[in-house]
Amino acid sequence: MIIYIHGFASSGQGTKARLFREYFKTQGAAFIAPSLSTIPFLALDTLEQLIESYLNLNQKVSLMGSSLGGFYSIYLSRKYNLKAVLINPSIFPYDTLSKVPSPMTNFYDGASFEWKEEHYEALRKYEVAEVNAENYMLLLQTGDESLDYKHAAQKFSDATLDIEEGGSHSYEGIERQFKNVKKFLRSE
């Protein structure tokens with residue numbers, strides 16, 4: 001099972017989730033992209049329950065995470081020893097998301113939600129200091145207007161890295177990476 005974890009104020013119905021869902025369907029691979037709570041501990045609780053339910057069925061689980069979803073993927077990959085593809089991941093979300101105005105609007109459905117100090121501060125407890133580099137593939141674009149790609153490149157310098165010049169935070173042209181992602185997730 002491949003679990004896609006969307007970014008902050010996004011949805012399991014966002015563009016990248018939809019594109020990967022369509023691709024993995026053509027590959028006969030099981031893929032889900034749940035829409036998660038904006039409250040960090042609720043989002044992670046949902047993801048942990050999903051992961052544990054698949055692992056209890058002896059299914060292989062892999063993660064894909066974009067932005068804040070990348071941060072969550074780092075934590076979950078470490079906790080369960082899972083492979084993870086990180087797309088322009090947030091490395092210090094408690095800093096970057098501290099600047100977000102509240103109320104905030106969901107990018108997908110326009111719903112309004114509160115983003116409080118207690119939420120972004122709660123992210124600190126999910127930070128992973130040391131990573132098992134072989135479990136990670138990073139897709140970074142230098143034109144990311146929201147996050148400094150160098151933070152992720154430095155933290156994951158020994159992982160599988162693909163750094164493209166230009167692009168944006170949403171990762172332009174993600175379709176070019178489909179085969180590389182599939183190959184990485186299927187490798188042992």
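Heads up: the structure comes first, above all this text.
Now for a description of the structure that goes with this document. Note that the coordinates shown come from a computational prediction; the quantities given were computed from them, not determined experimentally.

### Digging into the overall build of the chain
Helix and strand counts for the chain stand at seven helices and eight strands. By its C-alpha atoms, the chain is 40 × 40 × 30 Å across when sized along the principal axes. When each of the 188 residues of the chain is scored for burial, the buried share is 51%. Here the contacts in the chain between residues at least 6 apart in sequence split such that 67% fall between residues at least 24 apart. Looking at the chain, you have 19 positive and 23 negative side-chain charges, and the mean spots of the two groups are 7 Å apart.

### Some details on empty space enclosed by the protein
A probe as big as a water molecule, rolled over the atoms, marks out the empty space that is left. For the coordinates displayed, the defined rule picks out three cavities of 30 Å³ or more. Every residue lining the largest cavity is listed: His6, Gly7, Phe8, Ala9, Ser10, Leu36, Ser37, Thr38, Leu68, Tyr72 and Trp115. Of the residues contributing to the lining of the largest cavity, the split by class is six nonpolar, five polar and no charged. In this structure, the second largest cavity encloses a volume near 50 Å³. Among the elements that make up the lining of the second largest cavity, the one with the highest residue count is helix H3 (residues 68-80) (three residues). In the lining of the second largest cavity, the residues fall into six nonpolar, one polar and two charged.

### Looking at the sheet that holds strand S1 (residues 2-5)
As summarised here, the arrangement of the six strands in space is S2-S1-S3-S4-S7-S8, forming an open sheet in which the pairing is parallel. Every other strand in the sheet has two partners, leaving strand S2 (31-32) and strand S8 (160-164) as the edge strands with one partner each. With four bridges joining them, strand S4 (residues 83-87) and strand S7 (residues 136-141) adopt parallel strand pairing. Across the sheet, Ala84 pairs through a bridge with Tyr136, a residue of S7. Running at roughly 175° to S1, helix H2 (residues 40-56) makes contact with S1, S2 and strand S3 (62-66) of the sheet.

### Observations concerning the pairing of S3
Along a regular strand, successive side chains alternate from one face of the sheet to the other. A large share of S3 lies buried, amounting to five of its five residues. Where burial is concerned, the two faces of S3 agree: the one with Ser62, Met64 and Ser66 and the one with Leu63 and Gly65 are both buried. Where S3 lies against S4, five bridges are found, and the strand directions are parallel. Counted as the bridge partner of Ser62 is Lys83 from S4. Crossover connection from S3 via H3 to parallel S4: handedness right-handed.

### Considering H3
In this model, H3 (13 residues) spans 18 Å end to end at C-alpha, consistent with the 18 Å of a helix rising 1.5 Å per residue. The buried count for H3 comes to 11 of 13 residues, which makes it a mostly enclosed element. Restricting attention to buried positions, one finds in H3 the residues Leu68, Gly69, Gly70, Phe71, Tyr72, Ser73, Ile74, Tyr75, Leu76, Ser77 and Tyr80. Here the buried face of H3 lies against S1, H2, S3, S4, helix H4 (93-96) and S7. Residue Asn81 follows H3 closely and has a positive phi angle near 55°.

How each quantity is defined
Residues numbered from 1 in each chain as written. Predicted model: local features only at pLDDT ≥ 70, side-chain atom pairs only at ≥ 80, totals over all residues. Heavy atoms only, no water. Helix = DSSP H or I, 4+ residues; strand = E, 2+ residues; numbered from the N terminus. Buried < 20%, exposed > 50% of the residue type's maximum accessible area, 1.4 Å probe, protein only. Contact = heavy atoms within 4.5 Å. Lys, Arg positive; Asp, Glu negative; His and termini not counted. Charge placed at Lys NZ, Arg CZ, Asp CG, Glu CD. 1 Å grid on protein atoms, 1.4 Å probe; cavity = no way out; pocket = protein on both sides within 12 Å on 5 of 7 lines; lining within 4 Å. Points joined across faces, edges and corners; volume = space filled by probe spheres on them. Nonpolar A, V, L, I, M, F, W, Y, C, P; charged D, E, K, R; others polar. Pairing = 2+ DSSP bridges. Axes fitted to C-alpha atoms, helices over the stretch in contact; angles between N-to-C directions. Right-handed = clockwise from strand over helix to strand, strands pointing away. Expected span 1.5 Å × (residues − 1).

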